[in-house]
Amino acid sequence: MRIVFVCLGNICRSPAAEGVFRALCTAAGRADRVDSAGTSDWHLGSPPYGEMVAAAAARGVDLSALRARRFTAEDFDSFDLIIAMDKQNVRDIERLRPPGNATPVQLLLDHAPGAATREVPDPYYTRDFETALDLIEAGARGLLAATG
Ligand code: 4NP
């Protein structure tokens, strides 16, 4: 499948989701196309946030080569599934949907029904990178199973 993960800045949550999900795909022998993007243009071309790179590396996931880009209307045609980190992301994504396009937009934590929240709290503000990664891993595992 072609899956794009989306958050606000594309430097914390969605690059982490991209890296975690890609690692799960590789381990499962799947050749999905995996990408991420931000609804804002605040960090275009930047690598993921240093603390998130370090926290992911501690779990064996390398985010260092990723670079931020903005989510665009073309992404609706380039991907089979759009996975947002929070509900504001969903609203910002839907504003760009081309007429007639039916690509699903889902919350990552729709795929982690046991999680205590439906939205991944933004560690850029909470400073809690471990909780964000725990939730992202749970969602990514559920998403892998749902798209197998
Ligand atoms: P992200 O986190 O959406 O998970 O990448 C953010 C990163 C930066 C900012 C906001 C959210 N910012 O305001 O610069």
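Along every chain, residues carry numbers that run from 1 in the direction the sequence is written. Note on the predicted model: pLDDT of at least 70 is required for a residue's local features to be given, and 80 or more for side-chain atom pairs to be given and counted; whole-chain, interface and lining totals, by contrast, use all residues. The side-chain values count all of the structure's non-hydrogen atoms but skip hydrogen atoms and water molecules.

A closer look at the site of the ligand
We call a residue near a molecule or strand as soon as one heavy atom of that residue lies within 4 Å of the molecule or strand. The immediate surroundings of the ligand are formed by C7, L8, G9, N10, I11, C12, R13, W42, H43, D122, Y124 and Y125. Taking L8, its main chain carries an N or O atom lying 3.0 Å from an oxygen atom of the ligand. Two N or O atoms count as a polar contact when they lie within 3.5 Å, although within protein this holds only if one can serve as hydrogen donor and the other as acceptor, and sequence-adjacent residues are included solely when both atoms are side-chain atoms. Measuring from an oxygen atom of the ligand, one finds a backbone N or O atom of G9 at 2.8 Å. Look at the ligand: alone it shows 360 Å² of surface, and the protein chains cover 93% of it. For the shell around the ligand, the per-class residue count stands at seven nonpolar, three polar and two charged. Under the convention used here, a 1.4 Å probe and the Shrake-Rupley method define accessible areas, while residue burial counts only the protein chains that appear. Only Asp, Glu, Lys and Arg are considered charged, only Ala, Val, Leu, Ile, Met, Phe, Trp, Tyr, Cys and Pro nonpolar, and every remaining residue, Gly among them, polar.

Some points on the side chain of E18
Secondary structure elements are defined from DSSP: runs of H or I of at least 4 residues count as helices, runs of E of at least 2 residues count as strands, and each element is numbered from the N terminus. Its location among the elements puts E18 in helix 1 (residues 13-27). Accessible area is worked out with a 1.4 Å probe on protein chains only. A residue is then buried under 20% of its type maximum, exposed over 50%, and partly exposed in between. Judged by its relative accessible area of 4%, E18 is buried. Among the polar contacts made by the side chain of E18, one reaches the side chain of R22 at a distance of 2.8 Å. Contact between two residues is taken to exist if any of their heavy atoms lie within 4.5 Å; hydrogens are not considered. Discounting residues that sit within four places of it in the chain, E18 has contacts with F5, V34, D35, S36 and L66.

As for the sheet that holds strand 4 (residues 105-107)
Read across the open sheet, the four strands follow the order 2-1-3-4; overall the sheet is parallel. Only two strands of the sheet have a single partner each, and these edge strands are strand 2 (33-38) and strand 4. Strand-to-strand twist in this sheet, taken as the mean axis angle between neighbours without regard to direction, amounts to 25 degrees. Here six bridges tie strand 1 (residues 2-7) to strand 2, and the two strands are oriented parallel to one another. If you follow R2 over to strand 2, its bridge partner there is R33. The strands that helix 1 touches are strand 1 and strand 2; relative to strand 1, the one it contacts most, it runs at about 150 degrees. Each pair of strands is called paired provided DSSP finds at least two bridges between the two strands. Axes, fitted as lines to C-alpha atoms, cover a helix only where it is in contact. Angles between the N-to-C directions of the axes lie from 0 to 180 degrees.

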